[in-house]
Amino acid sequence: MSLTSSPNAAGPCRVYVAGHLGMVGSALVRKLEMFREHSIITRSRQELDLTRQSEVESFFADEHIDRVYLAAAKVGGIKANMEMPADFIRENLQIQTHVIHAAFSAGVERLLFLGSSCIYPRLAQQPMLEDALMSGPLEPSNEAYAVAKIAGIKMCESYRHQYGCDFRSVMPTNLYGPNDNFDLDSGHVLPALLRKFYTAVATGSETVTVWGSGRPRREFLHVDDMAAASVHTMNLTTAQYWSVATPRCSHINVGTGTDVSIAQLAGLISGISGFSGQIQFDPDMPDGTPRKLLDISRLRALGWEAELSLEEGLAQTYAWMVQHEINTWADETA
Ligand code: GFB
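Conventions we followed
- Residues numbered from 1 in each chain as written.
- Predicted model: local features only at pLDDT ≥ 70, side-chain atom pairs only at ≥ 80, totals over all residues.
- Heavy atoms only, no water.
- Helix = DSSP H or I, 4+ residues; strand = E, 2+ residues; numbered from the N terminus.
- Rg over C-alpha atoms; globule rule 2.2 N^0.38 Å.
- Buried < 20%, exposed > 50% of the residue type's maximum accessible area, 1.4 Å probe, protein only.
- Contact = heavy atoms within 4.5 Å.
- Areas by Shrake-Rupley, 256 points an atom, 1.4 Å probe, with all protein chains shown as cover.
- Domains from an automatic or database assignment.
- Buried area = accessible area lost by both parts, 1.4 Å probe.
- Salt bridge = Lys/Arg side-chain N within 4 Å of Asp/Glu carboxyl O.
- Polar contact = N/O pair within 3.5 Å; in protein donor to acceptor, adjacent residues only side chain to side chain.
- Near = heavy atom within 4 Å.
- Nonpolar A, V, L, I, M, F, W, Y, C, P; charged D, E, K, R; others polar.
- Pairing = 2+ DSSP bridges.
- Axes fitted to C-alpha atoms, helices over the stretch in contact; angles between N-to-C directions.

J.: Describe the overall build of the protein chain, with residues and values.
T.: Per the secondary structure count, the protein chain includes 12 helices and 13 strands. Rg of the C-alpha trace for the protein chain: 20 Å, near the compact-globule value of 20 Å for 334 residues, within the 12% margin. Along the longest, intermediate and shortest principal axes, the C-alpha atoms of the protein chain span 60 × 40 × 35 Å. Residues classed as buried in the protein chain amount to 53% of the 334 residues present. In the protein chain, once contacts between residues fewer than 6 apart in sequence are set aside, the share between residues at least 24 apart is 82%. Within the structure as shown, the protein chain displays about 14,300 Å² of accessible surface, and the carbon and sulfur contribution to it stands at 50%.

J.: Outline the domain arrangement of the protein chain, listing residues and values.
T.: By domain assignment, the protein chain separates into domain 1 (13-175 + 220-254) and domain 2 (189-217 + 258-293 + 309-328). With centres defined by C-alpha atoms, the gap from domain 1 to domain 2 works out at 28 Å. Listed per partner, the contact involves 18 residues of domain 1 and 19 residues of domain 2. Approximately 1,400 Å² of surface area, both sides summed, lies buried where domain 1 meets domain 2, with 64% of it carried by carbon and sulfur atoms. For the domain 1 face of the interface with domain 2, the top three residues by lost area are I78, Q126 and F220, together amounting to 42%. Across the domain 1-domain 2 interface, the total number found is zero salt bridges. Our enumeration of links across domain 1 and domain 2 arrives at six residue pairs in polar contact (both at pLDDT 80 or more).

J.: Can you tell me about the site of the ligand, naming the residues and giving the values?
T.: Around the ligand, a shell composed of 22 residues is seen, among which I78, K196, R218, P286 and D287 lie nearest. One of the side-chain nitrogen or oxygen atoms of S116 is found 3.0 Å away from an oxygen atom of the ligand. In this structure, W211 approaches the ligand through a main-chain N or O atom, which is 2.9 Å from a nitrogen atom. A total of 700 Å² of accessible area belongs to the ligand in isolation, and the protein chains cover 97% of it. Those elements that place two or more of their residues in the shell around the ligand are α3 (78-83), α6 (189-203) and β7 (207-211). Top element by residues in the shell around the ligand is α6. It accounts for three residues. Grouping the constituent residues of the shell around the ligand by class yields 10 nonpolar, eight polar and four charged. When residues of the shell around the ligand are sorted by domain, at least three fall in each of domain 1 (13-175 + 220-254) and domain 2 (189-217 + 258-293 + 309-328).

J.: A description of the sheet that holds strand β5 (residues 166-172) should follow, citing residues and the corresponding values.
T.: Within the open sheet, the six strands sit side by side as β2-β1-β3-β4-β5-β10. Their pairing is parallel. Of all the strands in the sheet, just β2 (38-41) and β10 (251-254) have a single pairing partner and so form its edges. Pairs of neighbouring strands in the sheet enclose a mean axial angle of 20°, with direction left out of account. Bridging between strand β1 (residues 13-18) and β2 involves four bridges; their strand directions are parallel. In the strand pairing of β2, Y16 is matched with I41.

Laid out in structure tokens, this is it:
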């Protein structure tokens, strides 16, 4: 799909990827580099602290940005969310509030806010439609993070309603892929299990411990598919995007349409790693939401579907981890 022309009439479309060093932001940059007509703008946290409003305002005032992918966020797995709710709600509210308002003030043409499927009620009907938002209580383990993400969606809708901004939102399911966080405490289940099974094989361990009951179900989307879906959504015309989104329910789910139990995920990763020992479940660790499967008909109607199967994505990410990550865990596998 081609881009509409840049308001910066003389030059290429100036696209700011906020959070370009993270898993999602780096995938977005890889994807956007395929478009010659883009000029991609990035800043590290040292260069631009998005939690500081004045720095963000100066940056937008100086850079003449046309489009923003707002992929900067504080993210983490179930344990990190339960232990640091204050950090999750504060940092995310600050980052998104500063970027969205500065984008409006600087006249940015389009913005895409990236959220999370944890915005939906804990017991939402499955698969979850966009309009399930705020129809029931949230999952307590990530309520603070979810409230921040809901605020981001509502900010985009409010700036559209009051000022006519073309600020859009996509809600991905659980993501994984290159540049994921493989830390066992703060990361999500998929990278944690890739690391646990790798380490078990490398050290000859007989068991791998999986948190919780193994019964919760999750939908996993490769981050390259997420990047493709984000670019697709950004490149829809204003009429196309707002034909499915309404001013009061404007976000679009991004997923694969299928889910697996955590026990099934562990089985798949066990197979990839060549592990032949026993998988144990730790009932003292939390399960979180029983099921998170997105209804993806809105995005499908707009012409996008995921390409990578979970099996392919897991094998690719396992290989990436072996190539890029394991040297930092030398003590575990020695
Ligand atoms: O990926 P995860 O941490 O987050 O955990 P959520 C998913 C499920 O995997 C839970 C189980 O039932 C965990 O108990 N699990 C099993 C493990 N073994 C492990 C392990 O070694 N590490 C981890 N981390 N989990 C997060 C939210 O929820 O999802 C965030 O907390 C965000 O806010 C993110 O929305 C997408 O899927 O439960």
